[in-house]
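Tertiary structure, described
Given next are the chains, with one letter for each unit.
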Amino acid sequence: MSANQTLLEAIALKKCVVATYNRVQMKLAPYILYKRNDSLYIDAVALEKAGQPPREIKLGAFNLAGLNDVTLADQHFESAPLFDPAAPKYQGATLFAIAE
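About the thresholds
- Residues numbered from 1 in each chain as written.
- Predicted model: local features only at pLDDT ≥ 70, side-chain atom pairs only at ≥ 80, totals over all residues.
- Heavy atoms only, no water.
- Phe/Tyr/Trp six-rings, centres within 6.5 Å; stacked < 30°, edge-to-face > 60°.
- Helix = DSSP H or I, 4+ residues; strand = E, 2+ residues; numbered from the N terminus.
- Buried < 20%, exposed > 50% of the residue type's maximum accessible area, 1.4 Å probe, protein only.
- Lys NZ or Arg CZ within 6 Å of the ring centre and 35° of its normal.
- Contact = heavy atoms within 4.5 Å.
- Polar contact = N/O pair within 3.5 Å; in protein donor to acceptor, adjacent residues only side chain to side chain.
- Salt bridge = Lys/Arg side-chain N within 4 Å of Asp/Glu carboxyl O.

Looking at the packing of aromatic side chains
Per the counting criterion, the structure on display carries six aromatic pairs. Relative to F62, the ring of Y21 lies with its centre 5.0 Å away and its plane at 80 degrees, an arrangement referred to as edge-to-face. Of this pair, Y21 sits in strand β1 (residues 15-21) while F62 sits in strand β4 (residues 59-63), and the two are 41 residues apart along the sequence. The pair Y21 / F62 is uniform in exposure class, with both members buried. Arranged with centres 5.1 Å apart and planes meeting at 40 degrees, the rings of Y31 and F83 form a pair that is tilted. One end of the pair, Y31, is in strand β2 (residues 24-36); the other, F83, is in the loop between β5 (67-76) and β6 (94-97), with 52 residues separating them in the sequence. Of the two residues examined, Y31 and F83, each falls in the buried class. Through successive ring pairs, a cluster of aromatic residues spans Y31, Y34, Y41, F77, F83 and Y90. Sitting over the face of the ring of Y41, R36 holds its NZ or CZ atom 4.2 Å from the ring centroid.

Concerning the environment of D43
Counting through the fold element by element, D43 comes out in strand β3 (residues 39-49). Not counting the four nearest positions on each side in its chain, D43 is found in contact with A29, P30, Y31, I32, Y34, L59, G60, A61, K89 and Y90. Here Y34 takes part through its side chain, which lies 2.6 Å from a polar atom of the side chain of D43.

Examining unusual backbone geometry
Located in the positive-phi region is N22, a residue other than glycine, with phi close to 50 degrees. By the secondary structure assignment, N22 is in the loop between β1 and β2.

Overview of the pattern of salt bridges
Note that side chains of opposite charge can pair when their charged atoms are close. Scanning the entire structure with this criterion turns up three salt bridges. Linking K15 and D74 is a salt bridge whose minimum nitrogen-to-oxygen distance equals 3.7 Å. Taken together, the residues K15 in strand β1 and D74 in strand β5 connect sequence positions 59 residues apart. For K15, a relative accessible area of 15% gives the class buried. K27 is the partner of E48 in a salt bridge, and the nearest nitrogen-oxygen pair spans 3.9 Å. Here E48, found in strand β3, pairs with K27, found in strand β2; they are 21 residues apart in sequence, far enough to count as distant.

Have a look at this one:
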């Protein structure tokens, strides 16, 4: 399964993924796939970075070109209030997002 397929499945099922981003292993909760400047991005909450929990919970943007070794994790996540699918940056750019 390709990284894009894995990410679509993760978003649809609200499941976490494990991936390497900029040579750092991360566990991500992906919320939305969108296009910006002819590149694909996901916005996700990093639940672990190099095996450690983050200092703060925040929604980050991850360029798919930088995500490697993407695998589905056996961990579900709940929608966080910090994700707003109606945010201006997603208008006309959203390809797929979690169902609320």
